[in-house]
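# Residue-level structure breakdown
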Amino acid sequence: AYPYVTLDSQFVNDEDFLSSRMDERLFYLNVWSTYSGQAQVWQIMAEIDARLHNKRLSLATGTMVICRVKRKRTNREPDGETFMSQVTLRILTQH
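Now for a quick tour of the structure.

Cut-offs applied
- Residues numbered from 1 in each chain as written.
- Predicted model: local features only at pLDDT ≥ 70, side-chain atom pairs only at ≥ 80, totals over all residues.
- Heavy atoms only, no water.
- Helix = DSSP H or I, 4+ residues; strand = E, 2+ residues; numbered from the N terminus.
- Buried < 20%, exposed > 50% of the residue type's maximum accessible area, 1.4 Å probe, protein only.
- Contact = heavy atoms within 4.5 Å.
- Areas by Shrake-Rupley, 256 points an atom, 1.4 Å probe, with all protein chains shown as cover.
- Lys, Arg positive; Asp, Glu negative; His and termini not counted.
- Charge placed at Lys NZ, Arg CZ, Asp CG, Glu CD.
- Pairing = 2+ DSSP bridges.
- Phe/Tyr/Trp six-rings, centres within 6.5 Å; stacked < 30°, edge-to-face > 60°.
- Salt bridge = Lys/Arg side-chain N within 4 Å of Asp/Glu carboxyl O.

## Comments concerning the overall build of the protein
Each helix and strand in the protein was counted, giving 1 helix and 5 strands. Reading the protein from its N end, one meets helices and strands in the order β-β-α-β-β-β. The dimensions of the protein, computed from C-alpha atoms along their principal axes, are 50 × 25 × 20 Å. Out of the 95 residues in the protein, the part that is buried amounts to 32%. Considering only contacts in the protein between residues 6 or more positions apart, those separated by 24 or more positions represent 57%. When the accessible surface of the protein is split by element, carbon and sulfur atoms take 50% of a total near 6200 Å². Computing the positive centroid from 12 side-chain charges and the negative centroid from 11, the protein places the two 8 Å apart.

Listed below in structure tokens is the structure:
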């Protein structure tokens, strides 16, 4: 059911893992909505930003030290009714 959010992909920059106790992770989220106009996807993206921005959370593999929204964009899908927005999160985790 609409609206919903999916995890598109993630990228882990752990090239300095042996010399660093932190990893940089990029998460790409997709927000889907059939609500008329873009208001609902922008509202959901704002909620993602507000709930995660600069929060410290304990994870199974360490602690999320910082989370920032790097990019937001939205576009109408070819069906003319669905909007899909993309949110890029930059997360630093500490081991």
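## Some words on the pairing of strand S5 (residues 83-94)
The element S5 is extensively covered by neighbouring structure, given that 10 of its 12 residues are classed as buried. Where strand S2 (residues 22-33) and S5 come together, 12 bridges link them in antiparallel fashion. Residue pairing across strands places Glu24 opposite Leu92, the latter belonging to S5. Linking two consecutive strands that pair antiparallel, namely strand S4 (residues 62-76) and S5, is a turn of 6 residues; a positive phi of about 80° is found at Gly80 within it.

## Concerning the packing of aromatic side chains
Enumeration according to the criterion identifies 2 aromatic pairs in this entry. Measuring from centroid to centroid gives 5.3 Å for Tyr2 and Tyr4, while their planes differ by 40°, and the two rings are tilted. We classify Tyr2 as partly exposed; its relative accessible area is 42%. Aromatic ring contacts, followed pair by pair, group Tyr2, Tyr4 and Trp32 into a single cluster.

## Quick word on the pattern of salt bridges
With the rule as written, the count across this model stands at 4 salt bridges. The salt bridge involving Arg25 is made with Asp23; its shortest N-O contact spans 3.5 Å. The exposure class of Arg25 is buried, given its relative accessible area of 17%. The buried category is assigned to Asp23, whose relative accessible area is 4%. Of the charged contacts, one joins Arg51 and Glu47 as a salt bridge, the two residues approaching to 2.6 Å between their closest N and O atoms. Here the residue Arg51 and the residue Glu47 both occupy positions in helix H1 (residues 39-52), the gap between them amounting to 4 residues, near one helical turn. By relative accessible area, Arg51 is classed as exposed at 58%.

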